[in-house]
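# Chains, contacts and geometry: an overview
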Amino acid sequence: MKNPKELAGRAAAELVRDGMQVGLGTGSTVHFTLVRIAERIHDEGLRILAVPTSEDTLRKARELGIPLVELGRVERLDLTIDGADEIDGRFDMIKGGGGALLREKVVASISAREAIVVGEDKVVERLGVRFKLPVEVVPFAAPVVARALEALGARPTLRKTAAGATFVSDNHNWIFDCAFANGIEDAARLDQALKRVPGIVETGLFLGLAHVLFIGCADGRVEVREKK
Ligand code: 5RP
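### A closer look at the pairing of strand 6 (residues 114-119)
Consecutive side chains along a regular strand alternate between the two faces of the sheet. Burial runs high along strand 6: six of the six residues are buried. In this sheet, strand 6 lies alongside strand 3 (residues 79-82) in parallel orientation, the contact comprising three bridges. When the sheet's bridge partners are listed, Thr80 is paired in strand 6 with Glu114. Looking at chain direction, strand 6 and strand 12 (residues 212-216) are connected through five bridges and run parallel. Bridge pairing in strand 12 links Val117 to Phe214.

Structural data, given as structure tokens:
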């Protein structure tokens with residue numbers, strides 16, 4: 001049986017066209033997109049310039065021979081391909097399970113088209129029921145932000161590494177993973193409230209940013225959905 005992440009990740013790589021400037025997301029599904037893009041560069045002579053959304057993707061892209069360009073040298077990206085932790089019927093998402101939410105959101109914000117690659121288990125009715133919402137915070141502000149998160153109905157947990165140390169993002173910040181008892185009722189309102197809290201750098205709510213969704217299914221199909 002094929003891995004749903006591999007099916008979705010590889011299928012979305014076919015959106016890339018010669019001459020494009022492409023944003024490269026982060027995570028285990030996008031990993032397969034990177035591999036397929038590298039194959040196409042090798043086999044078809046595909047010419048692209050790519051902006052990675054994390055140090056992890058930067059390293060992988062370099063190893064695979066994908067040509068990179070600094071964010072400051074591009075105004076717009078033609079296409080970004082990224083993963084998600086949850087995505088609902090409106091294509092609103094929770095992202096940041098891999099800790100790359102800030103750079104992912106910056107890159108998404110300058111992308112003409114954002115393609116999302118997921119296994120079918122990531123498609124949900126309501127955000128935040130199964131996956132905790134990542135919120136990136138400045139370390140100095142963490143105690144203040146934790147209280148503000150609780151006041152907004154969240155149960156925040158400071159993210160740790162497998163070794164038990166505090167997880168530090170590529171931007172030298174910390175991440176609170178926020179549980180909500182019944183999921184997130186109004187994502188737009190919550191996002192606005194979170195952004196008003198001093199010390200919160202970015203939230204893992206990606207609202208209105210995705211255009212096309214590639215869902216890898218356990219039966220070997222890839223379902224492609226365009227935003228209505
Ligand atoms: C990283 C992300 C990832 O896109 C998200 O966590 C999905 O990862 P995976 O494809 O490994 O399930 O938002 O910050």
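Picking up after the structure, the text goes on.
### A short note on the site of the ligand
Around the ligand, a shell composed of 18 residues is seen, among which Ser28, Thr29, Asp85, Gly96 and Lys122 lie nearest. Here Thr26 contributes a backbone N or O atom positioned 3.0 Å from an oxygen atom of the ligand. At 2.9 Å from an oxygen atom of the ligand is found a main-chain nitrogen or oxygen belonging to Ala100. Isolated, the ligand exposes 380 Å² of accessible area, and the fraction of that covered by the protein chains is 92%. By residue class, the composition of the shell around the ligand is three nonpolar, nine polar and six charged.

### Structural notes on the domain arrangement of the protein chain
The accessible area lost on association of the parts is a frequent measure of interface size. Each assigned domain of the protein chain is listed here: domain 1 (4-120 + 207-218) and domain 2 (133-204). Placing a centre on the C-alpha atoms of domain 1 and another on those of domain 2 gives a separation of 24 Å. Listed by partner, the interface residues are 14 residues for domain 1 and 18 residues for domain 2. It is Leu101, Leu102 and Lys105 in domain 1 that bury the most area against domain 2; as a group they hold 42% of the surface buried on that side. One can count one salt bridge joining domain 1 with domain 2. Run the count over domain 1 and domain 2 and you get eight residue pairs in polar contact (both at pLDDT 80 or more). Looking at the side of domain 1 that touches domain 2, the elements with two or more residues in it are strand 5 (93-94) and helix 4 (101-109). Ranked by residues supplied to the side of domain 1 that touches domain 2, first place goes to helix 4 with four residues. Here the side of domain 1 that touches domain 2 is built from residues that sort into five nonpolar, five polar and four charged.

### A few points about the sheet that holds strand 10 (residues 200-203)
What the four strands build is an open sheet, ordered 8-9-7-10; its pairing is antiparallel. Either end of the sheet is taken by a strand with one partner, and the two such strands are strand 8 (155-158) and strand 10. When strand polarity is set aside, the average angle formed by the axes of neighbouring strands in this sheet is 30 degrees. As paired strands, strand 7 (residues 133-137) and strand 10 are joined by three bridges and run antiparallel to one another. Residue pairing across strands places Glu136 opposite Glu202, the latter belonging to strand 10. Running over the sheet, helix 6 (residues 187-195) touches strand 7 and strand 10 and is turned about 165 degrees from strand 10.

Definitions and cut-offs
- Residues numbered from 1 in each chain as written.
- Predicted model: local features only at pLDDT ≥ 70, side-chain atom pairs only at ≥ 80, totals over all residues.
- Heavy atoms only, no water.
- Buried < 20%, exposed > 50% of the residue type's maximum accessible area, 1.4 Å probe, protein only.
- Helix = DSSP H or I, 4+ residues; strand = E, 2+ residues; numbered from the N terminus.
- Pairing = 2+ DSSP bridges.
- Near = heavy atom within 4 Å.
- Polar contact = N/O pair within 3.5 Å; in protein donor to acceptor, adjacent residues only side chain to side chain.
- Areas by Shrake-Rupley, 256 points an atom, 1.4 Å probe, with all protein chains shown as cover.
- Nonpolar A, V, L, I, M, F, W, Y, C, P; charged D, E, K, R; others polar.
- Domains from an automatic or database assignment.
- Contact = heavy atoms within 4.5 Å.
- Buried area = accessible area lost by both parts, 1.4 Å probe.
- Salt bridge = Lys/Arg side-chain N within 4 Å of Asp/Glu carboxyl O.
- Axes fitted to C-alpha atoms, helices over the stretch in contact; angles between N-to-C directions.

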